[in-house]
Amino acid sequence: MQFNFFMPTKVYFGTNCAAQNAAEFVRWGKKAFVVTGRNSARISGALGDIAGVLDSQGILWELFDQIEENPTLAAVEAGGEAARSFKPDMIIAIGGGSPLDAAKAIAVLAVNAISARALYDGGFAAPPLPILAIPTTAGTGSEVTQYSILTDDERQTKRSFSGPDIFPKAAFLDARYTQSQSAHVAVNSAVDALSHAIEGYLSKRSTLVSDCLALEAIRAFGLARHSLAAGRLSLADREALLYVSLLGGVVIAQTATTAVHALGYSLTYFHNVPHGRANGLLLGEYLAFNAAAVPDKVSNILAALGLETIDELKALMTRLLPGEETYTEQEVREFAAIAGKAPNTANTPRQPSIDELQQILRASLPVKKLS
Ligand code: NAP
Ligand code: FE
């Protein structure tokens, strides 16, 4: 038995957990640079709560609310520049995975006057500022990971940079903040969390501890799946999904993601498919592909979900993620080539060839031949 486990983020979970743990903010200094998307932090109520905590503790703060979905290198460069002139002691990230990931990049750029592209090189002269994270979606688990996924227009894909010091120092998970998500965002992000648990469980880098957390996440998703599909989520359901998201994040912090994420990035980059939906469309075929290599693990996933067959999982995804985008045969070849080069593809238990990546895409998506 041999494994490592590292997850240095202090997790506070529950209604009003930020206000109840105001001392955690004071620990990190007197000036905070708050990174958010354009609306989600405000409408979720999270920004109001955090502003109340900061003001009550005498922490000076500045808001940067310019982060859009799938943050680009240019967006985090603008945030980095604003942070450098404000000179904060800490970065507070509020939002879905997009603002959380952007905040990790800004935490580095706030103290290193380097280009955003240089984030991919690592080895920063000054260590990143401490990050405190408040998720408003239940999906990415970015509040407990060392990854920041940024859109690289030059390479026409999403790429992550990572490092142990961009794990948030603390995460505050309050499911009330996910109540304002649209039904689409709620489902897409929940499916992302499930995808983290499934991919992490199958990853070549999985360990006994990560497997235990992954199966628990899959089980909790299975219990919530009917409410999710019906679009009727109580606060208890939302807490359960935030728990799934948290566990999924802890899992991929150990195991990384696999070919599903690598293939999904092209669906997002070229067709604007939301990240979780992109993963969900591919999950069924991905399980079918891997079943030959890891049959017991695939059976355990289905059992934890409360399902019997991969076809039932595909039907669940169709129910959760209705609608279709059509792809060309040319795109299938290009997306498979991009995923073939992505580092996370190498974590897939049954190593897919480029042809097999194409087959997974063709079987998962409506594909039309080029005329
Ligand atoms: P997101 O891209 O952060 O947000 C999607 C949309 O939902 C935005 O329009 C956002 O509004 C809105 N929104 C978020 N929370 C809301 C709320 N409570 N109420 C109303 N609207 C809300 O979505 P996400 O799925 O959480 O994040 C996806 C990103 O995370 C992708 O870039 C993906 O690659 C990344 N990711 C990172 C990791 C990791 O480990 N770091 C893992 C998986 C995925 P605003 O624009 O106003 O914010
Ligand atoms: Fe993801």
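Residues numbered from 1 in each chain as written. Chains lettered and ligands numbered in written order. Predicted model: local features only at pLDDT ≥ 70, side-chain atom pairs only at ≥ 80, totals over all residues. Heavy atoms only, no water.

Attention now moves to the pattern of salt bridges. Pairing between side chains of opposite charge can happen when their charged atoms approach one another. Summed over the entire model, instances satisfying the criterion amount to 16 salt bridges. The shortest N-O distance in the salt bridge between Arg-219 and Glu-216 comes to 2.8 Å. With Arg-219 and Glu-216 both in helix 8 (residues 208–230), this residue pair falls 3 residues apart, about one helical turn. Its salt-bridge partner being Arg-277, residue Glu-325 comes within 2.7 Å of it at the nearest N-O pair. Linking Glu-325 in the loop between helix 13 (310–320) and strand 9 (327–328) with Arg-277 in helix 11 (residues 275–290), this pair joins segments that are 48 residues apart in sequence. Residues joined by salt bridges that share partners form a network here, namely Arg-117, Asp-152, Glu-154 and Arg-159. (Salt bridge = Lys/Arg side-chain N within 4 Å of Asp/Glu carboxyl O. Helix = DSSP H or I, 4+ residues; strand = E, 2+ residues; numbered from the N terminus.)

With that settled, the discussion passes to helix 10 (residues 259–271). Taking 1.5 Å as the rise per residue, helix 10 with 13 residues should run 18 Å; its terminal C-alpha atoms sit 18 Å apart, in good agreement. Burial analysis of helix 10 places 10 of its 13 residues in the buried class, the great majority of the element. Three or more residues of helix 10 are buried, namely Ala-259, Val-260, His-261, Ala-262, Leu-263, Gly-264, Tyr-265, Ser-266, Leu-267 and Thr-268. Phi turns positive, to about 60°, at Asn-272, one or two residues after helix 10. (Expected span 1.5 Å × (residues − 1). Buried < 20%, exposed > 50% of the residue type's maximum accessible area, 1.4 Å probe, protein only.)

Strands sit in the order 1-8-5-4-2-3 across an open sheet of 6 strands; the sheet is parallel. Strands at the two margins of the open sheet, each flanked by one partner only, are strand 1 (10–13) and strand 3 (60–67). Looking at each pair of strands side by side, their axes are set apart by 15° on average, direction ignored. Here 5 bridges tie strand 2 (residues 31–37) to strand 4 (residues 90–95), and the two strands are oriented parallel to one another. What sits directly across from Phe-33, in strand 4, is Ile-91. Sitting on the sheet, helix 5 (residues 73–86) is in contact with strand 2 and strand 3, with an inclination near 165° to strand 3. (Pairing = 2+ DSSP bridges. Axes fitted to C-alpha atoms, helices over the stretch in contact; angles between N-to-C directions. Contact = heavy atoms within 4.5 Å.)

What follows deals with the coordination of the iron ion (ligand 2). The coordination sphere of the iron ion (ligand 2), as far as protein atoms go, consists of Asp-192 (OD), His-196 (NE2), His-261 (NE2) and His-275 (NE2), spread over 2.1 to 2.2 Å. Coordination geometry of the iron ion (ligand 2): the 4 donor atoms subtend angles of 81 to 166° at the metal centre, consistent with an arrangement described as irregular. Positions of the donor residues of the iron ion (ligand 2) along the chain correspond to the pattern D-x3-H-x64-H-x13-H. Within this pair, whereas Asp-192 is found in helix 7 (residues 183–202), its partner His-261 is found in helix 10, the two being separated by 69 residues in sequence. (Donors = N, O, S within 2.8 Å, 3.2 Å for Na, K, Ca; no water. Tetrahedral: all angles 85-135°; square planar, octahedral: opposite > 155°, others 65-115°.)

Below, the discussion takes up the environment of Arg-238. Relative to the helices and strands, Arg-238 resides in helix 9 (residues 235–255). Each C-alpha atom, one on Arg-238 and one on Phe-172, is 15 Å from the other, the two residues being 66 residues apart in sequence. With residues up to four places along the chain from it excluded, the contact list for Arg-238 reads Ala-175, Thr-178, Gln-179, Gln-181 and Leu-233.

Examined against the element boundaries, Lys-104 turns out to sit in helix 6 (residues 97–109). In this structure Lys-104 touches Ile-131, Ser-142, Thr-145, Gln-146, Tyr-147, Ser-148, Phe-161, Ile-166 and Pro-168, once residues within four positions along its chain are discounted.

Below, the discussion takes up the nonpolar core. In terms of nonpolar packing, the biggest core is built from 69 residues, with Leu-202, Phe-221, Leu-267, Met-317, Leu-320 and Leu-361 touching the most fellow members. Here this core gets 10 residues from one element, more than from any other, and that element is helix 7. Contacts of Leu-320, omitting those with residues within four sequence positions, involve Val-187, Val-191, Phe-221, Arg-225, Leu-228 and Ala-229. The next biggest cluster of nonpolar side chains, apart from the first, holds 28 residues, and it includes Phe-33, Val-35, Ala-83 and Ala-103. (Core = buried A, V, L, I, M, F, W, Y, C linked by side-chain atoms within 4.5 Å.)

So, on to empty space enclosed by the protein. Take a probe with the size of a water molecule and roll it over the atoms, and the empty space left behind shows itself. Counting across every chain of the model gives 1 cavity of 30 Å³ or more. Along its surface, the largest cavity is lined by Ala-138, Thr-178, Gln-181, Ala-186, Ser-189, Leu-228, Leu-233, Arg-238 and Leu-241. Elements represented by at least two residues in the lining of the largest cavity include exactly helix 7 and helix 9. Split into classes, the residues belonging to the lining of the largest cavity amount to 5 nonpolar, 3 polar and 1 charged. (1 Å grid on protein atoms, 1.4 Å probe; cavity = no way out; pocket = protein on both sides within 12 Å on 5 of 7 lines; lining within 4 Å. Points joined across faces, edges and corners; volume = space filled by probe spheres on them. Nonpolar A, V, L, I, M, F, W, Y, C, P; charged D, E, K, R; others polar.)

Now for the site of ligand 1. Surrounding ligand 1, one finds 30 residues, the nearest of these being Asn-39, Ser-40, Gly-97, Ser-98 and Thr-137. In the model, an oxygen atom of ligand 1 is placed 2.7 Å from a nitrogen or oxygen of the Gly-97 main chain. Between ligand 1 and Ser-142 there is a distance of 3.3 Å, counted from a nitrogen atom to a side-chain nitrogen or oxygen. The protein chains hide 90% of the 940 Å² of surface that ligand 1 would expose on its own. Every element with two or more residues in the shell around ligand 1 is listed here: helix 3 (40–43), helix 6, strand 6 (147–152) and helix 7. Residue composition of the shell around ligand 1, by class: 7 nonpolar, 17 polar and 6 charged. (Near = heavy atom within 4 Å. Polar contact = N/O pair within 3.5 Å; in protein donor to acceptor, adjacent residues only side chain to side chain. Areas by Shrake-Rupley, 256 points an atom, 1.4 Å probe, with all protein chains shown as cover.)

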